[in-house]
Amino acid sequence: MIRMGSLQLIFILLISLLFRLVVNYFIPITQQINLFVIFIGMVNLILVFIIIRRLINFKVGLLSSLLYAISPWTAYLEIAANPYIFLLTFLLIFFLGIQFFSINKKIYLLLTLLVIVVYIDIFNQFTVFSDIGLLNSVNEYRGETNQSVFDPIGKIIENKYIYFSEHILFNVLKQFTPSTYFSNQAHLLGFSFSPPIYLGFIIPFMFGLIKLIKFFPKNRKYHLLPFFFLLLPSIFSKNSPDLSRLVLIAPIVFAIVASGIWELILNYKRKKYAFLLLLTIFIVGIQFAITLVDIAIREPIRLQMFLGQK
Amino acid sequence: MKNLKKGKYVFIFLLLLTILGGFLRSYKNTENPISLSIDEVSFGYNAYSILKTGRDEYGKFLPLSFKSTGDYKNPVPIYSMVPSIALFGLNEFSIRLPTLILATLSIPVFFLFFIEITSSMAISLIATSLLTISPWHIYYSRYVSDHLIAMFLVILGVICFLRMIRKGRWFWSVASSIFLSLSLYTYYAERLFVPLLILSVFVLNIGVLKKQIKHTILFTLICSTICAPLIFSTFFGPDRARAQMTWVGNDVEFVRNVAVKPLQNIPAIGSENFLLFYFVARKYLNYFDPAFLFYSGLNLTKEDSYGLGVLYLFELPFLIAGIIMLFKKNIRNKKLIITWLLIGLIPASLTNNEQHPGRTFFILPMILLISAIGAMEFYKFINNYFSRRLKKIIYIIFVSLVVFNLTQALLIYTVHFPYQRGEDFMEGTKETVLYSLANKHKYKEIVFDPYRGIEAPYIVSIPHMYILFYANYDPKIYQEETKMRVDGSFGFDNFIIRKIDWREDRFKKDTLFIGSPWSLPEKDIKNEEILKKIYLSNGALAFVIVSPN
């Protein structure tokens, strides 16, 4: 059983490697292939498998690592040597260490938050408070209200503090837009039209999410807090939601999708579940093939267009 | 006795809501939106033409599809304007009146609809209250809105349909088929939404409908009879042109970035048809974007600025609680609510605009209903889980948020909307037309440039329709006049609509030129030749009226 599991994991690792090599071959994001980052990506994949296996079960762990392997989201960021891939590795190792050594939960939360804050500060990415566009927009509003009978109300309602608060609130909400994850709405690395997660996975995602809400163990509620910490880099990004930064929550999304798939597999004998499982496989299968063709034909052109615009 | 008293209070509350809703929808509605849009003048003049001659601007007798500016407008909004134009003449008030009346009547009608769906008085009253102040509904109530008229008819149709299922009388069967069929003649999105909705309701109520087989057959027969011309027109007639125009496959983003046209030798699996499916799915999912829902969905302000969403921010906790309750609890007609919401986004996802609040307008009743269900739960939760002091604090915070949201909406609608979106409503065109009409006798020719725009002359306006509208130009004369000139320009009476080329036109005497500063650059024109300048509310120069000496 263990040997079989290891073989399956090795097979997934090979798929992952192959997918990344294909992406790198057709889309010259960087001058030369960065094998170190691809290696880091494979470490991430193994960590995702181990953590989810410990938290849920072996099959869901395996499915999550498969999702990690074939997802354009992680593949593109690894090829581009995005710094958040390294942060993800660090956090996964950190999380695993916590599980192994049973470190105090409060210390764990504090350290996670500290690491994320330091990381985004190092990369000078707290852009939300210096958003010139937002400031201009507030000033424009004030100027317009100034000339109307509503000037006194405008002074209270339209000030930069209120708008910055609203801005942050909306940025938080934006992280939960389904089109960000299951379609090419937010372009990966600014140019790509490959979906971060294949559309068909939205079906098991819904199942996984409902299951998570219904059966989330109360004694593990502290696991939810780091999830919000992981959103912070994207929330404070100027182009929120930012897929490069949101990759920190990718393993969580993969785990939810994987547990949804597992739920569908378990209930396969019921017609509705069988239909949804087949539908998921059909939509994902087709989109995977389309994405591969797209990577070979259209993505290089899109990259050139993007670089040209820059 | 107790029920009678309760009913009286409900009636009074509903009446107050209707009065408040009517006020919010009618107050200065001829001044804000700041000007008549292209669609409004087209609707208005065609209705005037029908009133005077029984024919549209092209001379077609009582058409079921109005060619108008080539976008083939639906007939119901136009025919519904005829009585008000007959009573009050052709002006802003008369053409906006039918929408206003139906919008105000929507408040009690929606209440009946909510009762029919949920059979809960409390939820229905909350949902109706939310409708009364809904920014989405108010916005579409204040100008000629085929979306709103269509939704009104759909709601009436569904009320009658549900009653047909419940009570099984001929009247409900006939009424529902008429209302639902008419909605198809009102707005294009309904042509997809209504059949899908009816199909879903049929599937959801198949057991009951089998018992009501006679009424179901009658319903189907009437619908088929009324819709036969429309089906023909959609698939084989002129309406097909409209469908092709708005088809998602022509979306600029899709053509340019997704399909990366023109590309050759693409394997079948990578063809653009496959990509289109996923692009439609993306558009569909994008309607769940909080930006659309809560801060810019109505497009009342500049892109990327904090405007007004289709919902208020204070509705957010209600909506979330409502969605959770919808999945958790056994709510009456739950499947219909979810199905309505999900199929309501399909028509908009198949067209080529990004997040169109008009094309998704018919999901509004279900969003209000879910919010109302959530509001009830929210209230129960606060009452059950918090101490009296905490409750007070929560209510104070919540009421402050409501007041803040409503004030923000007021500022956006009354101050920023006219400033930032005046150009979209063709602000300034009325002034140019009134000036030209007042001075018409002084000139041999009056030339209007149809291209305008502050940043660039990229907006193609239809000044001839504004002239016809504000001049109350005799439709009979207009229909019979030869409008295409020898030089390829378009004109009637002494008005000519063509692009102005100042390098050549500057030598034309006895001619009045009206155009944007792009076609009439001030630096090239002598001061005494400029007769008038027309500015937008935001101070930008929109038009220059010039006559060469």
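Small disclaimer: the values here were computed from a predicted structure and weren't measured.

Participant: Just to check I follow, could you spell out the overall build of chain B for this structure?
Facilitator: Within chain B, the regular secondary structure consists of 24 helices and eight strands. Relative to a compact globule of 549 residues, whose C-alpha radius of gyration would be 24 Å, chain B shows 26 Å and is just as compact. A principal-axis box enclosing the C-alpha atoms of chain B has dimensions of 80 × 60 × 60 Å. Within chain B, buried positions represent 45% of all 549 residues. A sequence separation of at least 24 residues applies to 72% of the contacts in chain B between residues at least 6 apart.

Participant: Explain the overall build of chain A here, please?
Facilitator: Helix and strand counts for chain A come out as 15 helices and zero strands. In terms of overall size, chain A behaves like a compact globule, its C-alpha atoms giving a radius of gyration of 21 Å where 310 residues would be expected to give roughly 19 Å. Residues counted as buried form 41% of the 310 residues belonging to chain A. Across chain A, every contact between residues at least 6 apart in sequence was considered, and the portion connecting residues at least 24 apart equals 76%.

Participant: It is not clear to me how the nonpolar core should be interpreted in this structure. Could you clarify?
Facilitator: For soluble globular proteins, nonpolar side chains are generally found buried alongside one another. Counting residues in each nonpolar core, the largest one holds 93 residues, and the members touching the most others are Ala127(B), Val154(B), Ile155(B), Leu369(B) and Ala372(B). For this core, the element with the highest residue contribution is helix H7 (residues 146-167) of chain B, accounting for 15 residues. Filtering out sequence-adjacent residues up to four positions away, Leu369(B) remains in contact with Phe114(B), Ile117(B), Thr118(B), Ala127(B) and Ile337(B). Core analysis: the next-biggest nonpolar cluster, separate from the first, contains 78 residues, Phe49(A), Val60(A), Leu88(A) and Tyr119(A) among them.

Participant: Help me understand the interface of chain B and chain A in this model?
Facilitator: Where interface size is quoted, it is often the accessible area lost as the parts come together. Residue-level contacts link 32 residues of chain B with 36 residues of chain A. Of all the elements in the fold, those that place two or more residues in the side of chain B that touches chain A are helix H13 (252-258), helix H14 (272-286), helix H15 (290-296) and helix H20 (388-421) of chain B. When grouped by side-chain class, the residues that make up the side of chain B that touches chain A number 22 nonpolar, seven polar and three charged.

Participant: What is the right way to look at the sheet that holds strand S6 (residues 511-515) of chain B in this model?
Facilitator: Hydrogen bonds between backbone groups are what pair the strands of a sheet, and the pairing can be parallel or antiparallel. Residue and element names in this part refer to chain B. Strands sit in the order S4-S5-S1-S6-S8-S7 across an open sheet of six strands; the sheet is mixed. Both edges of this open sheet fall to strand S4 (490-492) and strand S7 (530-535), since each of them pairs with a single strand only. Sheet twist, expressed as the average angle between the axes of neighbouring strands with direction ignored, equals 15°. In this structure, S4 lies alongside strand S5 (residues 495-497), joined through three bridges in antiparallel fashion.

Participant: Even after reading the chapter, I still don't get the pairing of strand S8 (residues 541-546) of chain B, so can you show me in this structure?
Facilitator: The two faces of the sheet receive side chains in turn, since in a regular strand these alternate between them. Residues and elements named next belong to chain B. S8 sits mainly inside the fold: five of its six residues count as buried. With three bridges connecting them, S6 and S8 associate as antiparallel partners. Bridging from a neighbouring strand, phenylalanine 513 pairs with valine 546 of S8.

Participant: When you look at the packing of helix H17 (residues 334-344) of chain B against helix H19 (residues 364-385) of chain B in this model, what are you seeing that I'm missing?
Facilitator: Residue and element names in this part refer to chain B. One can describe the packing of H17 onto H19 by two numbers: an axis separation of 9 Å at closest approach and a directional angle of 135°. It follows that H17 is oblique to H19 by the angle criterion. As for how H17 packs across H19, the hand of that crossing is left-handed. Residues Ile337, Trp340 and Leu341 of H17 form the contact with H19, whose participating residues are Met366, Leu369 and Ile370. Looking at side-chain class alone, the contact of H17 with H19 contains six nonpolar, no polar and no charged residues.

Participant: Would you take a moment to explain helix H2 (residues 35-55) of chain A for this structure?
Facilitator: Residues three or four positions apart in an α-helix share a direction because the helix packs 3.6 residues into each turn. Along its 21 residues, H2(A) runs 30 Å from first to last C-alpha, staying within 8% of the 30 Å computed at 1.5 Å per residue. Within H2(A) the residues assigned to the buried category are Val37(A), Ile38(A), Gly41(A), Met42(A), Asn44(A), Leu45(A), Leu47(A), Val48(A), Phe49(A) and Ile52(A).

Participant: Before we go on, may I ask you to explain the domain arrangement of chain B in this structure?
Facilitator: All names here are of chain B. Splitting chain B by domain gives domain 1 (33-90) and domain 2 (426-546). One C-alpha centre belongs to domain 1, the other to domain 2, and the line joining them spans 23 Å. On the domain 2 side, the residues contacting the 17 residues of domain 1 number 16 residues. Class assignment of the residues belonging to the side of domain 1 that touches domain 2 gives a composition of six nonpolar, eight polar and three charged.

Participant: Quick question: what am I supposed to make of the confidence of the model for chain A here?
Facilitator: Caution applies to low-pLDDT regions: their predicted coordinates should not be interpreted in detail. Mean pLDDT for chain A: 87, with 93% of residues reaching 70 or above. Confidence, expressed as mean pLDDT per element, reaches its minimum in chain A at helix H6 (residues 105-122) of chain A with 73 and its maximum at helix H3 (residues 58-70) of chain A with 95.

Participant: Looking at this structure, how should I read the confidence of the model for chain B?
Facilitator: Averaged over every residue, the pLDDT of chain B is 92; residues scoring 70 or more account for 100%. For this predicted complex, the interface score ipTM comes out at 0.89, while the overall pTM is 0.91.

Participant: I keep staring at the pairing of S6(B) and nothing clicks. Help me out?
Facilitator: Residue and element names in this part refer to chain B. Within S6, four of the five residues are buried, which leaves it mostly tucked inside the rest of the structure. Both strand S1 (residues 445-448) and S6 contribute to a ladder of four bridges, which runs parallel. By the bridge assignment, phenylalanine 448 is partnered in S6 with isoleucine 514.

Participant: Would you mind going over unusual backbone geometry with me for this structure?
Facilitator: Generally, phi is negative for residues other than glycine and the peptide bonds are trans, each holding for most cases. In this model, Ser240(A) is joined to Pro241(A) through a cis peptide bond whose omega is 0°. Residue position: Pro241(A) is located in the loop between helix H12 (224-235) and helix H13 (243-246). With an omega of 5°, the peptide bond running from Asn32(B) to Pro33(B) counts as cis. Positionally, Pro33(B) belongs in the loop between helix H1 (2-26) and helix H2 (38-53). In the Ramachandran plot, Asp510(B) falls in the positive-phi region, its phi being about 50° despite a non-glycine side chain. If you trace the backbone, Asp510(B) turns up in the loop between helix H24 (502-505) and S6. Judged by C-beta crowding, with 11 C-beta atoms within 10 Å, Asp510(B) ranks as exposed.

Participant: Got a minute to help me understand the environment of Leu368(B) in this structure?
Facilitator: All names here are of chain B. Residue position: leucine 368 is located in helix H19. Once the C-alpha coordinates of leucine 368 and glycine 322 are considered, the two residues, 46 residues apart in sequence, prove to be 9.7 Å apart. Leave out the neighbours within four places in its chain, and leucine 368 touches Ala127, Leu130, Leu131 and Ser134.

Participant: Where do I start with the environment of Gly453(B) in this structure?
Facilitator: All names here are of chain B. You can see glycine 453 is positioned in the loop between strand S2 (451-452) and strand S3 (459-460). By the C-beta count within 10 Å, which is 16 here, glycine 453 ends up partly exposed. Distance in space between the C-alpha atoms of glycine 453 and alanine 103 is 32 Å, their sequence separation being 350 residues. Contacts of glycine 453, omitting those with residues within four sequence positions, involve Tyr458, Ile459 and Ser516.

Participant: What's the story with the environment of Ala540(B) in this structure? I'm lost.
Facilitator: Residue and element names in this part refer to chain B. Relative to the assigned elements, alanine 540 resides in the loop between S7 and S8. It is 22 Å that separates the C-alpha atoms of alanine 540 and leucine 512, two residues lying 28 residues apart in sequence. The residues contacting alanine 540, other than those within four sequence positions of it, are Ile454 and Tyr535.

Participant: Teacher, can you tell me more about helix H5 (residues 83-101) of chain A here?
Facilitator: Residues and elements named next belong to chain A. If you check H5, its first and last C-alpha atoms are 27 Å apart, about what 19 residues at 1.5 Å a residue would give, namely 27 Å. Those residues of H5 not exposed but buried are Tyr84, Ile85, Leu87, Leu88, Leu91, Leu92 and Phe95. Down the axis of H5, the buried set is contained in an arc of 155°. They therefore lie on one face. Opposite the buried face of H5, at more than 90 degrees from it, the exposed residues are Phe90, Gly97, Phe100 and Phe101. Among the residues trailing H5, serine 102 stands out with phi positive, at a value near 45°.

What counts, and at which threshold
Residues numbered from 1 in each chain as written. Chains lettered and ligands numbered in written order. Predicted model: local features only at pLDDT ≥ 70, side-chain atom pairs only at ≥ 80, totals over all residues. Helix = DSSP H or I, 4+ residues; strand = E, 2+ residues; numbered from the N terminus. Rg over C-alpha atoms; globule rule 2.2 N^0.38 Å. Buried ≥ 20, exposed ≤ 12 C-beta atoms within 10 Å, placed from the backbone. Contact = placed C-beta atoms within 7 Å. Core = buried A, V, L, I, M, F, W, Y, C linked by C-beta atoms within 7 Å. Nonpolar A, V, L, I, M, F, W, Y, C, P; charged D, E, K, R; others polar. Pairing = 2+ DSSP bridges. Axes fitted to C-alpha atoms, helices over the stretch in contact; angles between N-to-C directions. Parallel < 35°, antiparallel > 145°, perpendicular 65-115°, else oblique. Left-handed = near helix turned anticlockwise from the far one by under 90°. Expected span 1.5 Å × (residues − 1). Domains from an automatic or database assignment. pLDDT = per-residue confidence, 0-100. Arc of directions from axis to C-beta.

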